[in-house]
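Letter by letter, the chains look like this.
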Amino acid sequence: MNPSIPGTSDPSLRSVDLVKIGPERFKATNGRGGVLPIGSGDDPDFTPVELMLAAVAGCGAIDLTLITGKRAEPTAFGAHVEGRKVRDEHGSRITGITVTFEVEFPEGEAGDAARAVVPRTLRQVEERLCTVGRTITVGDQVRYRSADEAADDRPDPA
């Protein structure tokens, strides 16, 4: 069973369901029951672009803390992520996404060891570890379809 999606045996599958909860407001629910409101920017809810930026920072933060945490737990940890929205011949998109981590470790040998691996770890996060960042960097077409079209893709039971 895939721990990410109850009732699913495909370990590579990830999914989220979305329902409308108000004007330009939606609720995303994952297979574990986590809920996240999404809005258009006219309310405090995160917009889809902000969620993408948070996902990039969060993915890198998890990888960074997993690796440095083997040496020492950070005494302070924060990140700032930003990018610029552009509209050009490629359509609307975010460019120049940059995540800046501010991490402090305790004094001493363990803290020194954690600090020493930060630069290498951030290179690994960027080049191969962070699934979100790698997906954006490498790219793959996102397809949008109706449920009727999805049903047309199912094999005939005959």
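By the naming in an unreviewed UniProt entry, the protein is OsmC-like protein, taken from Nocardioides salarius.

Peer 1: Pulling in residues and values, what's your account of the overall build of the protein?
Peer 2: When you go through the protein residue by residue, the secondary structure sums to four helices and five strands. Scanning the protein from its N terminus toward the C terminus, one meets helices and strands in the order β-β-β-α-β-β-α-α-α. In terms of principal-axis extent, the alpha carbons of the protein reach across some 65 × 40 × 30 Å. Within the protein, the fraction of its 158 residues that count as buried is 22%. Long-range contacts, defined as pairs at least 24 residues apart, comprise 41% of the intrachain contacts of the protein with a sequence gap of at least 6. Separation of charge centres in the protein, based on 19 positive and 25 negative side chains, amounts to 3 Å.

Peer 1: So, the side chain of aspartate 45: which residues are in play, and what are the values?
Peer 2: Note that aspartate 45 resides in the loop between strand S3 (35–39) and helix H1 (48–68). Aspartate 45 gets classed as buried once you look at its relative accessible area, which sits at 12%. Aside from chain neighbours lying at most four places away, what touches aspartate 45 is Arg25, Pro37, Ile38, Gly39 and Glu50.

Peer 1: Outline helix H2 (residues 109–129), listing residues and values.
Peer 2: Between the first and last C-alpha of H2 there are merely 26 Å, a value that for 21 residues lags more than 12% behind the 30 Å anticipated at 1.5 Å per step. Its axis deflected by about 40° at valine 118, H2 carries its strongest bend there, up to four residues before the proline proline 119. Taken together, the buried residues of H2 touch H1.

Peer 1: Describe the layout of surface pockets, and please don't skip the residues or the numbers.
Peer 2: Counted as a void, the largest pocket has a volume near 2,300 Å³. Every residue lining the largest pocket is counted, 46 residues in all, and those nearest its centre are Val16, Leu51, Met52, Ala55 and Val132. Sorting the residues of the lining of the largest pocket by element identifies strand S1 (16–22), strand S2 (25–30), S3, H1, strand S5 (91–104) and helix H3 (131–138) as the ones contributing at least two each. No other element matches H1, which puts ten residues into the lining of the largest pocket. When grouped by side-chain class, the residues that make up the lining of the largest pocket number 23 nonpolar, 14 polar and nine charged. Taken as a whole, the second largest pocket spans an internal volume of roughly 400 Å³. In terms of lining, the second largest pocket is formed by 15 residues, of which the most central are Val56, Ile97, Val99, Glu126 and Gly133. Contributions of two or more residues to the lining of the second largest pocket are made by H1, S5, H2 and H3. Here the residues of the lining of the second largest pocket sort into nine nonpolar, four polar and two charged.

Peer 1: Explain the pattern of salt bridges to me, and be specific about the residues and the numbers.
Peer 2: According to the stated counting rule, one finds four salt bridges in the structure shown. Arginine 25 is the partner of aspartate 45 in a salt bridge, and the nearest nitrogen-oxygen pair spans 2.5 Å. With aspartate 45 in the loop between S3 and H1 and arginine 25 in strand S2, this pair connects stretches of sequence that are 20 residues apart. The exposure class assigned to arginine 25 is partly exposed, which follows from its relative accessible area of 27%. Each of Arg25, Asp43 and Asp45 takes part in a single network of salt bridges with overlapping partners.

Peer 1: I'd like a rundown of the packing of H1 against H2, residues and numbers included.
Peer 2: Helix packing for two helices is described by the angle between their axes and how far apart those axes are. Where H1 contacts H2, the axes come no closer than 9 Å and their chain directions differ by 140°. When the axes of H1 and H2 are compared, the pair comes out oblique. Every pair of crossing elements has a handedness; the one defined by H1 and H2 is right-handed. Here Gly60, Asp63, Leu64, Ile67 and Thr68 of H1 come into contact with H2, specifically with Ala114, Val117, Val118, Thr121, Leu122, Gln124, Val125 and Leu129. Classifying every residue of the contact of H1 with H2 by side-chain character gives eight nonpolar, four polar and one charged.

Cut-offs used in this document
Residues numbered from 1 in each chain as written. Predicted model: local features only at pLDDT ≥ 70, side-chain atom pairs only at ≥ 80, totals over all residues. Heavy atoms only, no water. Helix = DSSP H or I, 4+ residues; strand = E, 2+ residues; numbered from the N terminus. Buried < 20%, exposed > 50% of the residue type's maximum accessible area, 1.4 Å probe, protein only. Contact = heavy atoms within 4.5 Å. Lys, Arg positive; Asp, Glu negative; His and termini not counted. Charge placed at Lys NZ, Arg CZ, Asp CG, Glu CD. Expected span 1.5 Å × (residues − 1). Bend = angle between axes of the 7 residues up to and from the residue. 1 Å grid on protein atoms, 1.4 Å probe; cavity = no way out; pocket = protein on both sides within 12 Å on 5 of 7 lines; lining within 4 Å. Points joined across faces, edges and corners; volume = space filled by probe spheres on them. Nonpolar A, V, L, I, M, F, W, Y, C, P; charged D, E, K, R; others polar. Salt bridge = Lys/Arg side-chain N within 4 Å of Asp/Glu carboxyl O. Axes fitted to C-alpha atoms, helices over the stretch in contact; angles between N-to-C directions. Parallel < 35°, antiparallel > 145°, perpendicular 65-115°, else oblique. Left-handed = near helix turned anticlockwise from the far one by under 90°.

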